[in-house]
Amino acid sequence: MLLNYLKIALRTLRKNRVFSLINIVGLALGITAFILILEYVAYERSFNQFHKNLPTLYRLLNQNQSGDVWSDLSPPIGPLIKEKCPEVRAFCRIAEHSANGIVSFPNAHTARSFRESKLAYADASFFTLFSFPLLNGTAPTALTQPNTVALSQSQAHKYFGNRNSIGQLLTLNNQFGKTQYTVTAVYADMPRNSDVSFDAVFSLQTLANSANLGGNDWARLDSFYGTYLTTFLQLTESKTSDELASCRTLEEKINALARQLAPGNNDRFIVQPATTLHLASSLSDVYKTSGSLGFVYLLSGIAGLVLLIAWFNYVNLSTAGALKRAKEVGVRKVIGAGTGQLIGQFLGESLLLNGLGFGLALLIVALLQPAFNEFIQKDLSLSALGTGTFWLAGAGLLIAGAVMSGGYVAFAMTSFQPLQIMKGTYQGGKSGLLRKALVVAQFSTSIALVIATLVLYRQLQYMQTKNLGVSLTQRVVIRGPQLAQTGSFKTATTALEDQLGQLPYVKRFCHTSVVPGNFYNFTANGITTQHPRPGDDKKSYSMGIVDDRFLPTYEIRLAAGRNFTAQEAELGYEKSSRVMINETAARQLGFASPSQAVGKRVNWGQPFEIVGVVADYHHQGVKYAIEPAIFLPRRSVSDLTVQLTTDQVQDKLATLEQLYKAAYPGNPFEFFFADENYNRQYQAEQQYGQVFTIGSSLAIFIACLGLFGLATFTTQQRTKEIGVRKVLGASVTSIVALLSKDFLKLVLIAILLASPLAWYAMDRWLQDFAYRVDISWWVFALAGSLAVGIALLTVSFQSIRAALVNPVKSLRSE
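The model shown is predicted, which means the values in this text are computed figures rather than measured ones.

Procedures and definitions
- Numbers given to residues run from 1 along each chain, matching the order in which its sequence is written.
- Reporting in this predicted model follows two pLDDT cut-offs: at least 70 for local features of residues, and 80 or more for side-chain atom pairs to be given and counted; totals over whole chains, interfaces and linings ignore these cut-offs and use all residues.
- As a rule here, side-chain values come from all non-hydrogen atoms in the structure, and water together with hydrogens is ignored.
- Each helix is a run of DSSP H or I of at least 4 residues and each strand a run of E of at least 2, with the numbering of both proceeding from the N terminus.
- Partly exposed describes any residue whose relative accessible area lies between the buried limit of under 20% and the exposed limit of over 50%, with all areas from a 1.4 Å probe on protein chains only and scaled to the type maximum.
- In this description, contact between two residues means that some pair of their heavy atoms is separated by no more than 4.5 Å.
- Computed with a 1.4 Å probe, the accessible areas rest on the Shrake-Rupley method; for each residue, only the protein chains presented here act as cover.
- Only residues above 30% relative accessible area that lack a salt bridge enter a patch, with like-charged residues linked at up to 9 Å and the nonpolar side chains Val, Leu, Ile, Met, Phe, Trp and Tyr linked at up to 5 Å.
- Any Lys or Arg side-chain nitrogen found within 4 Å of a carboxyl oxygen on Asp or Glu counts as a salt bridge.
- Positive charges come from Lys and Arg, negative ones from Asp and Glu, while His and the chain ends are left out of the count.
- Taken as the charge location is NZ of Lys, CZ of Arg, CG of Asp or CD of Glu.
- Stacked, edge-to-face and tilted are the three classes for Phe, Tyr and Trp ring pairs, Trp counted by its six-membered ring, which pair at centre distances within 6.5 Å; planes under 30 degrees apart are stacked, over 60 edge-to-face, the rest tilted.
- Only Lys NZ and Arg CZ are tested; either one counts as a charge over a ring when it is within 6 Å of the ring centre and within 35 degrees of the ring normal.
- Whenever two N or O atoms come within 3.5 Å, that pair is a polar contact, provided that in protein one can donate a hydrogen and the other can accept it, and provided that, for residues adjacent in sequence, both atoms are side-chain atoms.
- Regarding the arc, it is the one traced by the directions from the helix axis to the C-beta atoms.
- Nonpolar cores were defined as sets of buried Ala, Val, Leu, Ile, Met, Phe, Trp, Tyr and Cys residues, with membership established by side-chain atoms within 4.5 Å.
- One number per residue, pLDDT, summarises how confident the predictor is, and it ranges from 0 to 100.
- A pair of strands is treated as paired once DSSP finds two or more bridges between them.
- As a rule, the C-alpha atoms of each element are fitted with a line to give its axis, helices using only the stretch in contact, and angles between N-to-C directions run from 0 to 180 degrees.
- Any angle between 65 and 115 degrees counts as roughly perpendicular, while under 35 counts as roughly parallel, over 145 as roughly antiparallel, and the rest as oblique.
- Each crossing gets its hand from how the near helix is turned against the far one by less than a right angle, where anticlockwise is left-handed and clockwise is right-handed.
- Under the scheme applied here, ten amino acids are nonpolar (Ala, Val, Leu, Ile, Met, Phe, Trp, Tyr, Cys and Pro), four are charged (Asp, Glu, Lys and Arg), and all others, including Gly, are polar.
- What a helix should span is 1.5 Å times the count of its residues minus one.
- One axis fitted to the seven residues ending at a residue, another fitted to the seven starting there: the angle between these axes is the bend at that residue.

S.K.: Pulling in residues and values, what's your account of the overall build of the protein?
M.R.: Helices and strands together make up the secondary structure of the protein, namely 25 helices and 25 strands. Expressed as a percentage of the 814 residues in the protein, the buried residues total 50%. Excluding contacts between residues fewer than 6 apart, the proportion of contacts in the protein whose partners are at least 24 apart in sequence is 78%. Accessible surface for the protein amounts to roughly 37700 Å². Of this, 57% is attributable to carbon and sulfur atoms.

S.K.: Can you break down a positive patch on the surface residue by residue, with the values?
M.R.: A cluster of like positive charges, contributed by Lys7, Arg11, Arg14 and Arg17, occupies part of the molecular surface. When residues of the positive patch are assigned to their parent elements, the largest contribution, three residues, is made by helix α1 (residues 2-15). Looking at the secondary structure, you find Arg11 in helix α1.

S.K.: Account for the packing of aromatic side chains, naming residues and giving values.
M.R.: Counted according to the given criterion, the structure contains 29 aromatic pairs. With centroids separated by 5.0 Å and ring planes inclined at 90°, the aromatic side chains of Phe126 and Phe127 adopt a geometry described as edge-to-face. For the pair formed by Phe126 and Phe127, the shared burial category is buried. When the ring of Phe126 is compared with that of Phe132, the centres are 5.8 Å apart and the planes differ by 20°; the resulting orientation is stacked. Here the guanidinium or amino end of Lys466 rests over the ring plane of Tyr771, the centre of that ring lying 5.5 Å away.

S.K.: Break down the side chain of Thr512 for me, with residues and values.
M.R.: Structurally, Thr512 can be placed in the loop between β15 (506-511) and β16 (522-524). Separated by 3.0 Å, the side chain of Thr512 and the backbone nitrogen of Val514 make a polar contact. Only 3.0 Å separates the side chain of Thr512 from the backbone oxygen of Ile545, close enough to count as a polar contact. Apart from residues no more than four positions distant in its own chain, Thr512 is found in contact with Ile545, Val546, Phe550, Ser638 and Asp639.

S.K.: Describe helix α5 (residues 153-160), and please don't skip the residues or the numbers.
M.R.: Every buried residue belonging to α5 is among Gln155, Ala156, Tyr159 and Phe160, and all of these are buried. Projected onto a plane normal to the axis of α5, the buried residues spread over an arc of 105° and lie on a single side. Summarising the contacts, the buried residues of α5 are in contact with β4 (101-104), β5 (113-116), β8 (148-152), β9 (169-174) and β10 (177-187). Two residues or fewer past α5, Gly161 is found with a positive phi of approximately 65°.

S.K.: Which residues make up the nonpolar core, and what values do they have?
M.R.: The biggest cluster of nonpolar side chains holds 104 residues, and the ones touching the most others in it are Phe443, Ile447, Phe550, Tyr554 and Phe631. Aside from chain neighbours lying at most four places away, what touches Phe550 is Cys510, Thr512, Val514, Ile556, Tyr617 and Phe631. Leu54, Ile94, Leu143 and Phe232 belong to the second-largest nonpolar core, a separate cluster that totals 24 residues.

S.K.: Which residues make up the confidence of the model for the protein, and what are the values?
M.R.: Per-residue pLDDT for the protein has a mean of 81; in total, 85% of the residues score no lower than 70. Across residues 214-226 the pLDDT falls below 50, and counting only partners more than four positions away or on other chains, this stretch makes 29 contacts in the model.

S.K.: Now, about unusual backbone geometry: what can you tell me, with residues and values included?
M.R.: Unlike most non-glycine residues, Gln474 shows phi in positive territory, near 60°. By the element assignment, Gln474 lies in the loop between α12 (431-465) and β14 (475-478). Positive phi, normally seen in glycine, also occurs at Gln648, with a value near 50°. Here Gln648 falls in the exposed class, since its relative accessible area comes to 56%.

S.K.: Give a detailed account of the pairing of strand β13 (residues 268-273), specifying residues and quantitative values.
M.R.: Burial analysis of β13 places five of its six residues in the buried class, the great majority of the element. In this structure, strand β1 (residues 57-63) lies alongside β13, joined through six bridges in antiparallel fashion. Bridge pairing links Asn62 to Phe269 in β13.

S.K.: Got a sec to walk through the pairing of strand β24 (residues 640-644)? Specific residues and values, please.
M.R.: Of all five residues making up β24, five are buried, and the element is well covered by its neighbours. Burial along β24 is two-sided: Leu640, Val642 and Leu644 and Thr641 and Gln643, pointing in opposite directions, are all buried. Relative to β24, β14 runs antiparallel, the two sharing four bridges. For Val477, the partnering residue across the bridge sits in β24 and is Thr641.

S.K.: Account for the sheet that holds β24, with residues named and values stated.
M.R.: Strands sit in the order β15-β24-β14-β25 across an open sheet of four strands; the sheet is antiparallel. A single partner strand is all that each edge strand has here, and the edge strands are β15 and β25 (671-673). Direction aside, the axes of adjacent strands within the sheet are offset by 20° on average.

S.K.: So what about the packing of helix α23 (residues 732-766) against helix α24 (residues 777-803)? Which residues, and what values?
M.R.: At a minimum axis distance of 8 Å, the contact between α23 and α24 shows a crossing angle of 155°. Overall, the two elements α23 and α24 adopt an arrangement that is roughly antiparallel. In the packing of α23 onto α24, the handedness of the crossing is right-handed. Residue-level inspection shows Val732, Ile735, Val736, Leu739, Ser740, Phe743, Leu744, Val747, Leu748, Ile751, Ser755 and Trp759 of α23 in contact with α24, the latter providing Phe780, Gly784, Ala787, Val788, Ala791, Leu792, Val795, Ser796, Ser799, Ile800, Ala802 and Ala803. The residue inventory of the contact of α23 with α24, partitioned by class, reads 19 nonpolar, five polar and no charged.

S.K.: Kindly report on the side chain of Asp536, identifying the contributing residues and their values.
M.R.: Here Asp536 shows up in the loop between β17 (528-529) and β18 (541-546). A polar atom in the side chain of Asp536 sits 3.0 Å from the backbone nitrogen of Arg533. Beyond its immediate chain neighbours, meaning those up to four positions away, Asp536 contacts Ile527, Thr528 and Gln588.

S.K.: Can you tell me about the pattern of salt bridges, naming the residues and giving the values?
M.R.: On inspection of all chains with the given rule, the structure shows 20 salt bridges. Here Asp123 and Arg93 are joined by a salt bridge, their closest N and O atoms 2.8 Å apart. Linking Asp123 in the loop between β6 (119-122) and α4 (126-129) with Arg93 in strand β3 (residues 88-95), this pair joins segments that are 30 residues apart in sequence. Asp123 sits in the buried class, given a relative accessible area of 6%. One salt bridge connects Arg634 with Glu574, and the closest N-O pair in it is separated by 2.5 Å. Highlighted residues: Arg634 in the loop between β23 (629-633) and β24 and Glu574 in helix α16 (residues 573-576), separated in sequence by 60 residues. Three or more residues are tied together by salt bridges with common partners; here these are Arg562, Glu568, Arg578 and Glu609.

S.K.: Hey, could you go over the environment of Val788 for me, with residue numbers and the actual values?
M.R.: Inspection of the secondary structure assignment puts Val788 in helix α24. Expressed as a C-alpha distance, the spacing of Val788 and Val747, which sit 41 residues apart in the sequence, is 6.5 Å.

S.K.: Describe the packing of helix α22 (residues 719-727) against α23, naming the residues involved and giving the relevant values.
M.R.: At a closest axis distance of 10 Å, the pairing of α22 and α23 adopts a crossing angle of 150°. Between α22 and α23, the interaxial angle falls into the category roughly antiparallel. Note on packing geometry: the crossing formed by α22 with α23 is right-handed. Touching Glu721, Ile722, Arg725 and Lys726 of α22 are Ile735, Leu738 and Leu739, all from α23. Residues belonging to the contact of α22 with α23 are distributed by class as follows: four nonpolar, no polar and three charged.

S.K.: Residues and numbers for α24, please.
M.R.: Its 27 residues place the ends of α24 37 Å apart at the C-alpha level, agreeing with the 39 Å of an ideal helix rising 1.5 Å per residue. When the local axis directions of α24 are compared, the greatest deviation, roughly 30°, occurs at Ser796.

S.K.: Explain a nonpolar patch on the surface to me, and be specific about the residues and the numbers.
M.R.: A contiguous nonpolar surface patch, about 270 Å² in accessible area, is contributed by Leu3, Leu6 and Leu10. If you trace the backbone, Leu6 turns up in helix α1.

Put into structure tokens, the structure is as follows:
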């Protein structure tokens, strides 16, 4: 019997090649999108899961009164919490960014140096709390002593080749100075799906003197070295399964201790489960995460919608073609076939089609995998679905969808009445209403995605073309040398600047690490005018250290006053007692106009005179509101911004590299272009735009396949009517209009349903931008026109074909 059903199914597929091909392709495209996105979701969900202690690991965060959350804490906090809270088994403090610098080798025969950006200082408990296996060395003792370092396998090979790395010496030159370290361990490269990922881990005990790691002075939160450590806590095994309750209990203890030791500090501490380090447990969580739960939800939603549209399309096409097999069902019922047998047969055909679609989808996934990986900037494959949970969830969803869609088709076809079928009066039952509803659902989803895509690209274009108040093109930023300032070093810098001034293609240059698109140097509060208002000392300001050439190099305008002089920049802000502020800072300080602020003094540990007010410019992008900023003068040895002429850029960079290496021997020449660096912040929006474009294109294409099926079904039902109308003189145009108007009604209904939903969703999304576009009426008109045009082209193909058929053939059977 099963073999017979299979033969019938294959014969039916061959007989209806066009319908079968469209069905299989539609299902394959939907399943392809589902599998590719499931790979990404599985990869994102796999982050940090390999740590054996993950269920008992927590990160300590700090939240201020404004709601801002950060992970950088004071050194004494971890030891003090372990001492006062018995449920804390161990702690590990990690300096994630402050270790970065230049690595060199004291015993090397040739001068070699590397600027490294994935270095960290950590406590000796690092390799016992986190599951990073050591290839050489022992986990408990690898970082117990100062001036020791553990290298990743790749880094050890990079530095020492095939030699044994243990006992080798290297020198790290960073903000803490120049220090020599001994390699005590080599660990396997940290997995890609790890939020804690470093090329080398240095002993935190090395900083014991300079960073004041000892003691339990909680009030040291605002010291220079006070807030730069990420603190992890390992708790004892919980007696309750309620992880949230355990977190809240520990938080209450820590915050009570904080209030006791630092009564004037109103910040609160948050205990974050390590399971939420990458993706928060919900969109409303305040936790800092390295992944985007919103993007995961977005991709998952689009994958689900495209797959759902594919199944809707399958139901449409299958029920549209069911009329051709009505007589087959009627004859089989008359000769005694039971409903169960018919359902089994048609459900088997449905599973066969879904199986063929799944097989084709796997082939398409293999072909599209490289392009998909490049798009999301990750190296994924089907192995990302290696966990049983995702395989079961994905396979379960595909099987359930196939059974439900196929089950409806089987039920609809077996509900045919034999008497009506044999008399030729059967009109398709109640399934016509469902088909129309499915077409409306398909096009509503597609139109909503098109509207979202148009709004997103308008916002992205607005951000990229808005006048920023700063010029970034042809500015190359050269990373500053990682060296201490000495007399000879200043001499070398002065000589380099003299050489740059003599180059005809160098228009301007300046020394500053305050590069537009990056953060300012630091933030500060407690800055007030001579006549402060209540609450002024609580307001925060972004602080940027610049020289006297910063404004001209980036062509930033002054709203009032003057720029720093060369003498003021040479003295530095501590000795010159001069500052500049931007217009937003002037308003926050209470000045009615920029000119009113010039010449006034602000207090920040000492009085500073405001010599100029800088016109507001978008330092960190259009997505964020312009922050109140204060500029401090100093000719520091930091990043060097050079404005070049437009021709032969590579040759000019080669010359700059020669001059830089001659001035700062042993320092690598590294650079980036200011405009490319600035535009990098829009990468998320660009990804969203590409996702919506692909999703809406797939949705419209699959929806049109369904519409094509419905048009085919309708023209088959009305073949004789069309023949009679042609005999009576109807034109091809009038027949096409007759057949198309019903479908266009469905698309218009879809536009009416999709437009308010899309407007609401995109209006909510735009609220995240300080500067945003309005959602114009023409966006909905364009999306609707696009949908109507595509639908009309799809329907017209079948309508014109039916209108051109010779009426004699249509009426021959009458």
